[in-house]
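Examination of the molecular architecture
Okay, here's what each chain looks like letter by letter:
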Amino acid sequence: MPELPEVEVVRRGLEAHVVGHTIADVEVLHPRAVRRHLPGSIDLAGRLEGQSVVSAERRGKYLWLVLEPSSVAIVVHLGMSGQMLVQDPTVPDEKHLRIRARLESGIDLRFVDQRTFGGWALADLVTVDGTVVPDSVAHIARDPLDPRFDPDVVVKTLRSKQTEIKRALLDQTVVSGVGNIYADEALWRAEIHGNRPTDKLSGPRLRRLLDAARDVMTEALDQGGTSFDALYVNVNGQSGYFDRSLDAYGQEDLPCRRCGSPIRREKFMNRSSYSCPRCQPRPRLVRG
DNA sequence: TATATCTCCTGCGGGC
DNA sequence: TGCCCGCAGGAGATAT
């Protein structure tokens with residue numbers, strides 16, 4: 001499940017293998033993969049052909065390729081199961097191949113996506129808060145690995161909200177790049193239960209939580225990301241190793257590495273949350 | 001306006 | 001063996 005570290009691994013791969021190349025031909029094999037490109041697949045393919053990729057950028061879980069001479073970007077979201085693969089054209093099509101971009105150098109850039117939650121769309125570039133981003137990404141907050149990420153601003157935003165901390169962590173307009181896995185890991189490190197109201201947490205505790213999110217994602221990036229199955233791979237089809245370092249997510253009934261209590265699993269926002277019952281006690285009163 | 005819930009999608013595993 | 005159902009979850013749409 002691609003979150004920030006996994007998307008950054010893919011971005012680096014695209015920077016190494018795709019930047020500097022020109023797109024010769026584009027084939028959209030599943031319309032849902034371009035549903036966010038409202039003019040449709042024919043428009044997208046036509047506007048990509050002949051364009052050169054000049055950079056690969058990322059904010060949170062969104063990544064984009066900047067194109068010249070049109071000065072637009074292909075915005076890519078991997079969703080739950082999206083993969084950007086650099087392949088030799090002789091490699092047989094993947095079962096869930098959704099988009100193929102053939103480069104003039106003779107290699108394929110393939111978008112493979114089993115669950116079709118991800119997709120490609122073209123977007124104009126705009127300047128927001130001193131940074132150039134696609135207009136479709138303008139509402140996304142800076143992520144903890146962004147050099148211009150300001151934790152004090154995020155703490156202030158969190159303390160002004162009337163919601164639970166895990167819900168706020170997953171809100172990409174507050175802080176981006178955090179998904180279910182790294183939210184649970186950051187909350188475990190900061191010893192905070194995900195149901196705690198954001199406005200009842202002190203500034204230093206929230207700061208500690210953001211530091212934990214940054215640290216866990218940095219460590220995951222160093223190990224090539226987290227993989228539970230073949231759904232997340234880098235551009236060469238290889239998996240990461242951080243799943244072996246997870247302290248909370250997916251660790252149900254295993255002893256907490258800090259206190260030994262069995263990690264519990266709870267339903268939250270229609271998904272699973274993992275936490276230590278002793279290190280991360282539930283709040284006495286939960287809204288709702 | 002802010003927050004909460006629903007929906008999309010596919011493959012796997014468990015239960016019957 | 002085969003069918004059915006629940007689960008996984010990011011983010012936009014819809015509801016409250």
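Residues numbered from 1 in each chain as written. Chains lettered and ligands numbered in written order. Predicted model: local features only at pLDDT ≥ 70, side-chain atom pairs only at ≥ 80, totals over all residues. Heavy atoms only, no water.

Strand order in the open sheet formed by four strands is S1-S6-S7-S5, and the pairing between neighbours is antiparallel. The open sheet has two free edges, formed respectively by strand S1 (23-28) and strand S5 (82-87), since each of these has just one partner strand. Strand after strand, the sheet turns through a mean of 15 degrees between neighbouring axes, direction not considered. In terms of strand pairing, strand S6 (residues 97-103) meets strand S7 (residues 108-113) through five bridges, oriented antiparallel. Bridge pairing in S7 places Arg 102 opposite Asp 108. (Pairing = 2+ DSSP bridges. Helix = DSSP H or I, 4+ residues; strand = E, 2+ residues; numbered from the N terminus. Axes fitted to C-alpha atoms, helices over the stretch in contact; angles between N-to-C directions.)

Turning our eyes to something else, we now look at the protein's contact with DNA strand B. Around DNA strand B sit Arg 32, Lys 95, His 96, Gln 114, Arg 115, Thr 116, Phe 117, Lys 161, Gln 162, Thr 163 and Arg 167, and those are all the residues in its vicinity. Between DNA strand B and the protein, one listed contact pairs a phosphate oxygen with a backbone N or O atom of Gln 162 at 2.8 Å. Thr 163 is positioned such that a nitrogen or oxygen atom in its side chain is 2.6 Å from a phosphate oxygen of DNA strand B. (Near = heavy atom within 4 Å. Polar contact = N/O pair within 3.5 Å; in protein donor to acceptor, adjacent residues only side chain to side chain.)

Feature annotation in UniProt assigns "domain: Formamidopyrimidine-DNA glycosylase catalytic" (unreviewed entry) to the following positions: residues 2-118. Helix makes up 19% of residues 2-118 and strand 39%, with an end-to-end C-alpha separation of 10 Å. (UniProt positions renumbered as here; feature names shortened; annotations may be inferred.)

The subject of this paragraph is the sheet that holds strand S4 (residues 72-77). One open sheet holds the five strands; their spatial order is S2-S3-S4-S8-S9, and the pairing between them is antiparallel. Of all strands in the sheet, those with a lone pairing partner are strand S2 (52-59) and strand S9 (131-134), marking the two edges. Across the sheet, the mean angle from the axis of one strand to that of its neighbour is 35 degrees, orientation sign disregarded. Across four bridges, the pairing between strand S8 (residues 119-128) and S9 is antiparallel. Paired with Val 126 across the strands is Val 133, a residue of S9. Along the sheet, helix H1 (residues 4-17) contacts S2 and strand S3 (62-68); its crossing angle with S2, the most-contacted strand, is approximately 165 degrees. (Contact = heavy atoms within 4.5 Å.)

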